[in-house]
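Survey of secondary and tertiary structure
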Amino acid sequence: MKRYLLGGIKYIVKAPEPETIDSLVGIEKILIIRPNFRLGNALISTPVIDAFRERFPCARIDYLATDKTWPLLQQRPVDYFFLLSRSAILRPWQCVTLLRRLRAQRYDLAVQVSGGSTSGFIVTRLIGARYSMGSRKGHQRWYSIEAEGKSSHAYDAIVNLTRPLGVDCRNRPLLQPTEQERN
């Protein structure tokens, strides 16, 4: 089923033209996409948030997370969180509603953090952002800006993804507890 779904998206949404980060114009709204229920995977994405905030300090940066991983990310410099829940699998209209809300935002840049996430890929392609960014997968062009280089570890993949930004990116996650959690 996954193969047919991805094939349908490839057929409906044409491959984006290749871009460089410096050729992007008018980047005011960015969506970072990491709808994964694994806590460690969410934490691995924290350096991405900081790298985009440094490269685009005036942009609105939103994040698509899950209701289970959002608490780990709420201390990061994100303007708004969109949340996906496991119940959306059983209630597909929730996914359609979420996609409509994301399309209505008219993002300038959609960033797919994990190259292996089918749900993240679907969101990246269907929200209609002017530009997209993610890790290369196979021979097909999936994103306007594609991260180059092989990664032996998920931490390396984050550095490869953010390399085109031209800013330093930590290769380790950051857990920033709230004041209440520290106490």
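Presented here is an overview of the structure given in this document. Counting restarts for each chain: residues are numbered from 1 in the order of the written sequence. Totals for whole chains, interfaces and linings use all residues, but because this is a predicted model, local features are given only for residues with pLDDT of at least 70 and pairs of side-chain atoms are given and counted only at 80 or more. Hydrogens and water molecules were not included; the side-chain quantities draw on all heavy atoms of the structure.

Points about the pattern of salt bridges
For salt bridges, the criterion is a side-chain nitrogen of Lys or Arg within 4 Å of an Asp or Glu carboxyl oxygen. Evaluation of the coordinates by the stated rule reveals five salt bridges. Residue Arg55 pairs with Asp22 through a salt bridge whose shortest N-O separation is 3.1 Å. A residue pair is termed long-range when its members are at least 10 positions apart, and Arg55 in helix H3 (residues 46-55) and Asp22 in the loop between helix H1 (2-12) and strand S1 (29-33) qualify at 33 residues. The buried label goes to any residue with under 20% of its type's maximum accessible area, the exposed label to any with over 50%, and the partly exposed label to all in between, with areas taken from a 1.4 Å probe on protein chains only. According to the relative accessible area criterion, Asp22 is exposed, its value standing at 65%. The salt bridge involving Arg76 is made with Asp50; its shortest N-O contact spans 2.5 Å. Here Arg76 is found in the loop between helix H4 (70-73) and strand S3 (80-84), whereas its partner Asp50 is found in helix H3, with 26 residues between them in sequence. Helix and strand assignments follow DSSP, with helices taken as H or I runs no shorter than four residues and strands as E runs no shorter than two, numbered in order from the N terminus.

A few points about the sheet that holds S1
What the six strands build is an open sheet, ordered S3-S2-S1-S4-S5-S6; its pairing is parallel. The two strands at the open ends of the sheet, each matched to only one other strand, are S3 and strand S6 (145-147). Along the sheet, successive strands turn relative to each other by an average axial angle of 15°, direction set aside. Across five bridges, strand S2 (residues 60-66) lies against S3 in parallel orientation. Counterpart to Leu64 in the pairing with S3 is Phe82. Residues are treated as being in contact if the distance between any of their heavy atoms lies within 4.5 Å. Interaxial angle, 0 to 180 degrees, is taken between N-to-C directions of lines fitted to C-alpha atoms, where a helix line uses only the stretch in contact. In the packing of helix H7 (residues 118-126) onto the sheet, contacts are made with S1, S2, strand S4 (109-112) and strand S5 (131-135), and the angle to S4 comes to roughly 170°. Criterion used throughout: strands pair if DSSP finds at least two bridges between them.

Brief notes about unusual backbone geometry
One non-glycine residue, Arg106, lies in positive phi territory at about 50°. Here Arg106 lies in the loop between helix H6 (92-104) and S4.

Details of the packing of aromatic side chains
Put simply, two rings from Phe, Tyr or Trp (the six-membered ring, in Trp's case) pair if the centres are within 6.5 Å, and we call them stacked under 30 degrees between planes, edge-to-face over 60, tilted for the rest. A full pass over the atoms with the stated rule returns four aromatic pairs. Relative to Phe81, the ring of Tyr63 lies with its centre 5.9 Å away and its plane at 50°, an arrangement referred to as tilted. With a gap of 18 residues between them, Tyr63 in strand S2 and Phe81 in strand S3 connect regions that are remote in the sequence. Exposure remark for Tyr63: the relative accessible area of 0% places this residue in the buried category. Phe81 sits in the buried class, given a relative accessible area of 14%. Ring geometry for Trp70 against Phe81: centres 6.3 Å apart, planes inclined by 80°, an arrangement best described as edge-to-face. Taken as a pair, Trp70 in helix H4 and Phe81 in strand S3 lie far apart in primary sequence, eleven residues in all. Grouping aromatic residues by their ring pairs yields a cluster made of Tyr63, Trp70 and Phe81.

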